[in-house]
Amino acid sequence: MTATQLPASIDDTLALLDGQGYVGDRSLATVLFLALKLGRPLFLEGEAGVGKTEIAKVLASALGRDLIRLQCYEGLDVSSAVYEWNYAAQMVEIRVSEAAGDTDHADLSKSIFAERFLIKRPVLQALEPSLSGPPVFLIDELDRADEAFEAFLLEVLSDYQVTIPELGTIRAQEPPIVIITTNRTREIHDALKRRCLYHWVDYPDAARELAIVERKVPGAGERLAREVVAFVQALRADETLFKQPGVAETLDWATALTELNEIALDPDMVSDTLGVLLKYQDDIERVRGSEARRIVDDIRRENDREKAEAAEATPW
């Protein structure tokens, strides 16, 4: 498979993800393969920090395509997302034309609204042809944008075109590979979801998260990696936390403990470094101290039990 070829099967898609260091499961590979095969946008929903944005980055890198990212936020409008005119350059053009005596308003109007004065934002960039093939267009955290902008995207995702009054309709020769992410801070309208394939990106189980840590933080020892993952998995089971740690926080914490030359979890060190793992003071206070010690003790007891069972199962 060359750099610009799309994967030919679900197994190829899994291999593509794995080749870029992304530890995905088969359900993700299946929906990603279908989105590429059918030319449909992929709508990824899930908690913050579970790796939704990384999927688009990995896909662009693996396919050798440009990654065009539209970071959504409240108040995002067409001038920031699609295009705007270079008003300063247009004013210079008008002054030069006036100085040269070119005062025909029709000709001047055509001149100042030429494409060379157009500032292309991510949506318009995503519709442009590229030598490397259609780009990967990441619409990140769409739930942060206003509903009015969400409605505007319907034209883009339906026909892969944008209408500019002064120039006309600009249509993509080949549709971009569209990845939309949302953290579900608000519901996205069904009209937009209908245009996409949907996948919920959940927190990984312990085995997959351990594989992620081993891949992304190779400096962490085996014992430290296992205990970090076990600790994070225990926190995710605590429904009283305001914000459960994502995979990104797991990797940050494993990296921080490795930099501190830790080879295993120490309750005091856990308490001192919780700010790497948890981002709300109430959650940190909930876990710090006795709760952190209890979780570490539980992890060690479970490890001892597994070692004892393994020793009993070993033939002499």
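Up top is the structure these notes are about.
Reading the values: the criteria
- Once a new chain begins, its residue numbering starts again from 1 and follows that chain's sequence as written.
- Only residues with pLDDT of at least 70 are given local features in this predicted model, and only at 80 or more are side-chain atom pairs given and counted; all residues enter the totals for whole chains, interfaces and linings.
- For the side-chain quantities, the full set of heavy atoms in the structure was used; hydrogens and water were omitted.
- A run of H or I in DSSP becomes a helix once it reaches four residues, and a run of E becomes a strand once it reaches two; helices and strands are each numbered from the N terminus.
- Radius of gyration here is computed from C-alpha atoms only, and the compact-globule reference equals 2.2 Å multiplied by the residue count raised to the power 0.38.
- A simple rule labels every residue: compare its accessible area, found with a 1.4 Å probe on the protein chains alone, to the largest value its type can have, and call it buried under 20%, exposed over 50%, or partly exposed in between.
- Pairs of residues are marked as contacts when any of their non-hydrogen atoms sit within 4.5 Å.
- Accessible areas in this description were obtained via Shrake-Rupley with a 1.4 Å probe; residue shielding takes into account the shown protein chains only.
- Counted charges follow a simple rule, with Lys and Arg positive, Asp and Glu negative, and His plus the chain ends left uncounted.
- The location of each charge is read from NZ of Lys, CZ of Arg, CG of Asp or CD of Glu.
- We call a set of buried residues a nonpolar core when its members are Ala, Val, Leu, Ile, Met, Phe, Trp, Tyr or Cys and they connect through side-chain atoms within 4.5 Å of each other.
- Polar contact is defined as a pair of N or O atoms within 3.5 Å, subject to the rule that within protein one atom must be able to donate a hydrogen and the other to accept it, and that residues adjacent in sequence are counted only when both atoms are side-chain atoms.
- Here an angle of 0 to 180 degrees is reported between the N-to-C directions of two axes, which are lines fitted to C-alpha atoms, with helices fitted over the stretch in contact.
- In this scheme, roughly parallel covers angles under 35 degrees and roughly antiparallel covers those over 145, while 65 to 115 is roughly perpendicular and the rest are oblique.
- Lys, Arg, Asp and Glu make up the charged group, whereas Ala, Val, Leu, Ile, Met, Phe, Trp, Tyr, Cys and Pro make up the nonpolar group; the residues left over, Gly among them, are polar.
- Stacked, tilted and edge-to-face are the three classes applied to pairs of Phe, Tyr and Trp rings, where Trp contributes its six-membered ring and a pair requires centres within 6.5 Å; stacked means planes under 30 degrees apart, edge-to-face means over 60, and tilted covers the rest.
- Each direction from the helix axis to a C-beta atom contributes to the arc, which is the arc of those directions.
- Two strands qualify as a pair provided that DSSP identifies no fewer than 2 bridges between them.
- Salt bridge criterion: a side-chain nitrogen from Lys or Arg within 4 Å of a carboxyl oxygen from Asp or Glu.
- Left-handed is the label given to a crossing in which the near helix is rotated counterclockwise from the far helix by less than a right angle, and right-handed is the label when the rotation is clockwise.

A. Geometry of the overall build of the protein. Secondary structure summary: the protein contains 16 helices and 9 strands in total. For 316 residues, the compact-globule estimate of 2.2 N^0.38 gives 20 Å, and the C-alpha radius of gyration of the protein, at 25 Å, exceeds that figure by more than 25%. Dimensions of the protein, computed from the C-alpha atoms along their principal axes, are close to 95 × 45 × 35 Å. Taking all 316 residues of the protein together, 43% fall into the buried category. Taking all contacts inside the protein whose residues are at least 6 apart in sequence as the whole, residues at least 24 apart take part in 74%. Carbon and sulfur atoms form 51% of the exposed surface of the protein, whose accessible area is close to 16400 Å². In the protein, which carries 35 positive and 56 negative side-chain charges, the distance between the mean positions of the two groups comes to 2 Å.

B. Region of the structure containing the nonpolar core. Counting residues in each nonpolar core, the largest one holds 32 residues, and the members touching the most others are Ile139, Leu142, Ile180 and Leu192. Counting residues per element, the ones that place at least two in this core are strand E2 (67-71), strand E3 (83-85), helix H7 (122-127), strand E5 (136-140), helix H8 (147-159), strand E6 (161-164) and strand E8 (177-182). With 30 residues, the next largest nonpolar core counts Val229, Leu251, Ile284 and Val287 among its residues.

C. Seen up close, the environment of Val276. You can see Val276 is positioned in helix H14 (residues 274-277). In this structure, the C-alpha to C-alpha distance between Val276 and Leu257, residues 19 residues apart in sequence, is 9.8 Å. Sequence-distant contacts of Val276, defined by excluding residues within four places in its chain, comprise Glu249, Asp252, Trp253 and Ala256.

D. Region of interest: the side chain of Thr273. Here Thr273 shows up in the loop between helix H13 (267-272) and H14. One polar contact links Thr273 to Trp253, side chain to side chain, over a distance of 2.9 Å. For Thr273, the residues in contact, after removing those within four places along its chain, are Trp253, Leu257 and Leu260.

E. Broad picture of the side chain of Gln90. Relative to the elements of secondary structure, Gln90 occurs in helix H5 (residues 87-99). Taking the relative accessible area as the measure of exposure, Gln90 reaches 5% and is therefore buried. Setting aside anything within four residues of it in sequence, one finds Gln90 in contact with Trp85, Ile112, Phe113 and Phe117.

F. Focus on the packing of helix H1 (residues 10-19) against helix H2 (residues 26-38). Orientation of H1 relative to H2, taken along the N-to-C sense of each, is 110°, at an axis distance of 8 Å. Here H1 is positioned roughly perpendicular relative to H2, judged by the angle of their axes. Along its contact with H1, which presents Ile10, Asp11, Thr13, Leu14 and Leu17, the element H2 presents Arg26, Leu28, Ala29, Thr30, Leu32 and Phe33. A breakdown of the residues in the contact of H1 with H2 according to their chemical character gives 7 nonpolar, 2 polar and 2 charged.

G. View of the packing of aromatic side chains. What the rule picks out here adds up to 6 aromatic pairs. A network of ring pairs unites the aromatic residues Tyr83, Trp85 and Phe113 as a single cluster.

H. Summary view of helix H10 (residues 206-216). Listed in full, the buried residues belonging to H10 are Glu209, Leu210, Ile212 and Val213. The buried residues of H10 occupy one face: seen down the axis, they fall within an arc of 160°. Structurally, H10 contributes buried residues whose contacts are with helix H11 (222-236) and helix H12 (247-259).

I. Molecular detail of the pairing of strand E7 (residues 168-171). Relative to E7, E6 runs antiparallel, the two being bridged by 4 bridges. Bridging from a neighbouring strand, Val162 pairs with Ile170 of E7. Between E6 and the antiparallel strand that follows it, E7, lie 3 residues.

J. The arrangement of the pattern of salt bridges in detail. In this structure the tally under the stated criterion is 23 salt bridges. What you see here is one network of salt bridges that share partners, running through Asp238, Arg286, Glu291, Arg294, Asp298 and Arg301.

K. Fine view of the packing of H10 against H11. The contact between H10 and H11 brings their axes to 9 Å, and the two run at 135°. Relative to H11, H10 is oriented oblique. Crossing of H10 against H11: the hand is right-handed. Here Ala206, Glu209, Leu210 and Val213 of H10 lie close against H11, whose contacting residues are Ala225, Arg226, Val229, Val232, Gln233 and Arg236. Considered class by class, the residues forming the contact of H10 with H11 number 6 nonpolar, 1 polar and 3 charged.

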